[in-house]
Amino acid sequence: MLVHGVAWDGPWTQDGPPPLGGMPDGGSPALRFRAPSGEPGRVSLAPGASLGFRVLEGLWCLGRSKVHGPQERLHMPCPDAAPAERGKQCGPCFARDDFRLMHDFHRGGSVPAGLRSYLMQPHWLYLATFAGGATKVGTASAVRKWQRLAEQGAVRASYVAHAEDGRVVRILEDLVTQELGTVQLVRSAAKAASLLEPLADVELSAINKRAAARTREFLDRLALGGFSTVEEEWQRPAFAEEACSLVDDRRRHPYPRAFDGGAHGFTVRSLTGATALVSLPGEESGFIAGLGALKGRRIEFGDYHTDVPALQDSLF
């Protein structure tokens, strides 16, 4: 099975696109994969889900996407089942992937008609704050307004502007970075590490609200049309609560093995983005596991288990 990542799209994705804006609490997160036959599949990451698998050697191309419209896209597996060369794609798949063109669209770059239709739908500008206090600016299309932040692993987030299309929202995003210094990327490893000792929720909420207010003030002064500032908080999924905050000050540990090989097995307790709080047999404190590292890996499901390492929590 070739892992395509963790999705918060919910159960409706099997029969069609999600409702506009997504479900209030995100549906059912799942680990998505593609079988050797080419058929897509998913394994639930719901509370209490047990996951056992063995990771095979290598990092493999995930194929490419062809965009036909705002809610219509076709994913095509790599025809050569090639190793990944650029991110999670081989060279030929990267060169033919529609989504690689979207980041230069607002700078006058040429895009196919289907991708243009996708980019010309309404978009949202948001400020997302993660467990350690790092805050980024980002964009979400109208149809993925909620899911985008769920998959990012935000602990707190606010929508600060509604733009008439993807060109305008990306201009705003670049201006916020250039003028206010707000980053557009927080790395997955940093997000996972911050969940070992997350800041208090009230502190993260205050950080996000300050950043959002500062951003709205900046946007209100811009002589640019095609958008309006908004004040709206993102709703965090209930399943992310335990992962995002310490319970009874119980110490957490990094997951003891890398997902680049070997056997793994654990129970999922909570999930934020692609980072899980998991339990191993006989250990109640919990381990932070970055499941995003499985993307592009081939795995075999089975009755596998992760050995519990020797742990010694600090007495001070």
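Residues numbered from 1 in each chain as written. Predicted model: local features only at pLDDT ≥ 70, side-chain atom pairs only at ≥ 80, totals over all residues. Heavy atoms only, no water.

Novice: I'm lost on the overall build of the protein in this one. Help?
Specialist: Helix and strand counts for the protein come out as seven helices and 15 strands. Split into buried and exposed, the 316 residues of the protein put 48% on the buried side. In the protein, once contacts between residues fewer than 6 apart in sequence are set aside, the share between residues at least 24 apart is 70%. Surface summary for the protein: the accessible area is close to 15100 Å², and the carbon and sulfur share equals 50%. (Helix = DSSP H or I, 4+ residues; strand = E, 2+ residues; numbered from the N terminus. Buried < 20%, exposed > 50% of the residue type's maximum accessible area, 1.4 Å probe, protein only. Contact = heavy atoms within 4.5 Å. Areas by Shrake-Rupley, 256 points an atom, 1.4 Å probe, with all protein chains shown as cover.)

Novice: What's the story with unusual backbone geometry in this structure? I'm lost.
Specialist: Residues apart from glycine generally show negative phi values, whereas peptide bonds are mostly found in trans. In this structure, Ala81 is a non-glycine residue whose phi angle is positive, near 45°. By secondary structure assignment, the location of Ala81 is in the loop between β6 (72-76) and α1 (91-95).

Novice: Could you clarify how one ought to interpret the confidence of the model for the protein in this entry?
Specialist: Low-pLDDT stretches of the model should not have their predicted coordinates read in fine detail. Mean pLDDT over the protein: 86, with 86% of residues reaching 70 or higher. The low-confidence segment residues 11-24, where pLDDT is below 50, has 27 contacts with residues more than four positions distant or belonging to other chains. (pLDDT = per-residue confidence, 0-100.)

Novice: How should the pattern of salt bridges be read in this particular structure?
Specialist: Working definition: two side chains of opposite charge can pair if their charged atoms are close together. Within this structure, the stated rule accounts for nine salt bridges. Between Lys145 and Glu232 there is a salt bridge, with the nearest N and O atoms lying 2.8 Å from each other. Placement of the pair is Lys145 in helix α3 (residues 145-152) and Glu232 in strand β10 (residues 227-233), with a sequence separation of 87 residues. In this structure Lys145 comes out as buried when scored by relative accessible area, which is 13%. One continuous salt-bridge network, built from bridges that share partners, spans Arg156, Asp201, Lys209, Glu233, Arg236 and Glu241. (Salt bridge = Lys/Arg side-chain N within 4 Å of Asp/Glu carboxyl O.)

Novice: Just checking my understanding: could you explain the nonpolar core for this structure?
Specialist: The tendency in soluble globular proteins is for nonpolar side chains to be buried as a group. Membership of the largest hydrophobic core comes to 36 residues, with the highest contact counts inside it found for Phe266 and Leu291. Going through the elements one at a time, β1 (2-7), β4 (50-55), β7 (123-129), α3, β9 (156-163), β12 (262-272), β13 (275-280) and β14 (283-290) are the ones with two or more residues in this core. If we skip the residues at most four places from it in the chain, Leu291 touches Val6, Leu45, Phe259, Phe266, Leu271, Ala274 and Ala276. Counting residues in each nonpolar core, the second largest holds 15 residues, with Val168, Val169, Leu172 and Ala212 among its members. (Core = buried A, V, L, I, M, F, W, Y, C linked by side-chain atoms within 4.5 Å.)

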